[in-house]
Amino acid sequence: MTGAARSLREVVFVDGVRTPFGKAGPKGMYAQTRADDLVVRCIRELLRRNPQLPADRVDEVAIAATTQIGDQGLTLGRTAALLAGLPKSVPGFAIDRMCAGAMTAVTTTASGIAFGAYDVVIAGGVEHMGHHPMGEGVDPNPRFVSEKIVDSSALVMGSTAENLHDRYPHLTKERADAFAVGSQDKYAAAVAAGKIGPELVTVATRSAEQGWGLATADEPPRPGTTVEALADLKTPFRPHGHVTAGNAAGLNDGATASLLAAEDVAVELDLPIGMRLVGFGFAGVEPEVMGVGPVPATEKALASTGLTIDDIGLFELNEAFAVQVLAFLDHFGIADDDPRVNPWGGAIAVGHPLASSGVRLMTQLSRQFAERPDVRYGLTAMCVGIGMGGSVIWENPAWEGDK
């Protein structure tokens, strides 16, 4: 490097919001709502909640989507920034790492902040699976199958979850169903206690049957779910299988957005500091067992930060499938019902609009940190299609351990 040496800056998570998550399909609450409008609503809400931030101080807008066509296409970060009323001087871009899209939008722009290229960024994601089902318009290279680069099941996420059950037979359907019921119960308790709700952005909706309305709450949860009820559900990915609609996240629509900043800039602008970024890792695994991806990703993140799994006091793990979370917990010696894990429930209850989910995990962790000054470190992690995992470690600025 020529010129003056650079020192990396601390990166902080300032704030995060999301739309209520909807059920994908013609009867879902966002059936006639554009995907880019969901993103715009989140960006505007971030600016409304943080009026001390001048709009022209935003240096970048990174928005993820897995299926980047139609109302999720056209360089979504830039177009959403314009539609949200940000100055035309604010650039933006789109990003895709399937389920970890928003997570990657955060880590990529955070790296830019640390290096000094940005001071303040908006990072998030959207997936309107009702408008754009997973795999729409894709054309996988035939070499993947003909040359056996991947097993054919690698292209069907539910099948990869079944493969995970095969690889780890002790991760039974009964354990997966029990974990799923726990997710529903924890989510319902969190809503009742007002834990989930403050981060939600109200969205105007319209449908042919109901006319105009407002989306104010998540649509997917199934309160009162029991293990007995889940036991009888069909296993659509193979006969006599393990994966059902009850122990996996559904097909969903929704958007998220977060505000990130250099810590010194956050202090200068009097922006709240919800979390401090410690480190992150992404890793690849065999695509046909993509659900195990968070394990090596977390090991990489821990190694790069000098931490151990015992240092982590809160976990926000994306519940694409119950078996995927169970594989992570088993690897690290964590009980299925450990209270540190997804204390407000997870994607099995609330939904998983693919590229948006990473920022939902971060937003919840940030809000949990504010209530838990006894916890210093937290982790957000998720599996990613085509055989990957992502993991981000955060520090709680409210930690009172040194006081």
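Owing to the predicted nature of the structure, the values given are computational and were not obtained by experimental measurement.

**Looking at the state of the cysteines**
For the structure on display, the rule yields zero disulfides. C99 supplies the cysteine sulfur nearest to C42, a cysteine that is in no disulfide, at a spacing of 18 Å. The buried category is assigned to C42, whose relative accessible area is 0%. No disulfide involves C99; its sulfur sits 6.0 Å from the nearest other cysteine sulfur, which is in C383. Taking the relative accessible area as the measure of exposure, C99 reaches 8% and is therefore buried.

**A short note on helix α1 (residues 35–49)**
The first and last C-alpha atoms of α1 sit 22 Å apart over 15 residues, in line with the 21 Å expected at 1.5 Å per residue. For α1, the set of buried residues is A35, D36, L38, V39, V40, C42, I43, E45, L46 and L47. Each element contacted by the buried residues of α1 is listed here: β1 (11–18), β3 (60–64), α2 (76–83), β5 (120–128), β6 (203–207) and β8 (252–262).

**A look at the UniProt feature "domain: Thiolase N-terminal" (unreviewed entry) in the protein**
As recorded in UniProt, the feature "domain: Thiolase N-terminal" (unreviewed entry) lies at residues 11–264. The distance separating the terminal C-alpha atoms of residues 11–264 is 9 Å; by composition the span is 31% helix and 19% strand.

**A few points about the nonpolar core**
Counting 75 residues, the largest nonpolar core has I43, V61, L86, I122 and W394 as the members making the most contacts within it. With eight residues, α1 is the largest single contributor of residues to this core. The next biggest cluster of nonpolar side chains, apart from the first, holds 41 residues, and it includes A180, A322, I334 and A381.

**A few points about the pairing of strand β4 (residues 92–95)**
Inspection of the sheet shows β3 paired to β4 by four bridges, in the parallel sense. Among the inter-strand pairings, I63 is bridged to a residue of β4, identified as A94. Where the polypeptide runs from β3 across α2 and back to β4, its parallel neighbour, the crossover connection is right-handed.

**Quick notes on the pattern of salt bridges**
By the definition in use, this model includes 23 salt bridges. As a salt-bridge pair, D330 and R175 come within 2.9 Å of each other at their nearest N and O atoms. Of this pair, D330 sits in helix α10 (residues 322–331) while R175 sits in helix α6 (residues 173–192), and the two are 155 residues apart along the sequence.

**Digging into the side chain of S258**
Mapped onto the elements, S258 comes out in strand β8. Among the residues examined, S258 registers a relative accessible area of 0% and is labelled buried. Among residues more than four places away in sequence, those in contact with S258 are F13, D15, G16, L46, V106, V121, I122, A123 and V359.

**A short note on the environment of F115**
In this fold, F115 is placed in helix α3 (residues 101–115). In the structure, F115 is positioned 105 residues away from E10 in sequence and 9.6 Å away in space, judged by C-alpha atoms.

**Description of the packing of α3 against helix α12 (residues 357–371)**
Interaxial distance between α3 and α12 falls to 5 Å at its minimum, and their mutual angle equals 70 degrees. Of the possible angle classes, the one that applies to α3 and α12 is roughly perpendicular. Contacts between α3 and α12 involve A102, M103 and V106 on the former and, on the latter, G358, V359 and M362. Of the residues belonging to the contact of α3 with α12, the class tally is five nonpolar, one polar and no charged.

**Digging into the packing of aromatic side chains**
The geometry of an aromatic ring pair is captured by two quantities: the separation of the ring centres and the angle between the planes. Enumeration over the complete set of coordinates arrives at four aromatic pairs. Judged by centre distance (6.1 Å) and plane angle (65 degrees), the ring pair of F280 and F282 falls under edge-to-face. Classification of F282 by relative accessible area gives buried; the value is 15%. Between F315 and F328, the aromatic rings sit 6.2 Å apart at their centres with planes inclined by 70 degrees, giving edge-to-face as the arrangement. Of this pair, F315 sits in strand β10 (residues 312–317) while F328 sits in helix α10; the two residues are 13 residues apart in sequence, bridging distant segments of the chain. Aromatic rings pair up to connect F315, F328 and F332 into one cluster. Over the ring of F282 we find R97; its NZ or CZ atom is 3.8 Å from the centre of that ring.

**Digging into unusual backbone geometry**
With phi around 60 degrees, D270 is a residue other than glycine that occupies positive phi space. Residue placement: D270 occurs in the loop between α8 (263–268) and β9 (275–284). Judged by relative accessible area, D270 falls into the exposed class, the value being 60%. Phi angles above zero are rare outside glycine, and L354 is one such case at about 20 degrees. Secondary-structure assignment places L354 in the loop between α11 (347–350) and α12.

Rules used in this analysis
Residues numbered from 1 in each chain as written. Predicted model: local features only at pLDDT ≥ 70, side-chain atom pairs only at ≥ 80, totals over all residues. Heavy atoms only, no water. Disulfide = S-S within 2.5 Å. Buried < 20%, exposed > 50% of the residue type's maximum accessible area, 1.4 Å probe, protein only. Helix = DSSP H or I, 4+ residues; strand = E, 2+ residues; numbered from the N terminus. Expected span 1.5 Å × (residues − 1). Contact = heavy atoms within 4.5 Å. UniProt positions renumbered as here; feature names shortened; annotations may be inferred. Core = buried A, V, L, I, M, F, W, Y, C linked by side-chain atoms within 4.5 Å. Pairing = 2+ DSSP bridges. Right-handed = clockwise from strand over helix to strand, strands pointing away. Salt bridge = Lys/Arg side-chain N within 4 Å of Asp/Glu carboxyl O. Axes fitted to C-alpha atoms, helices over the stretch in contact; angles between N-to-C directions. Parallel < 35°, antiparallel > 145°, perpendicular 65-115°, else oblique. Nonpolar A, V, L, I, M, F, W, Y, C, P; charged D, E, K, R; others polar. Phe/Tyr/Trp six-rings, centres within 6.5 Å; stacked < 30°, edge-to-face > 60°. Lys NZ or Arg CZ within 6 Å of the ring centre and 35° of its normal.

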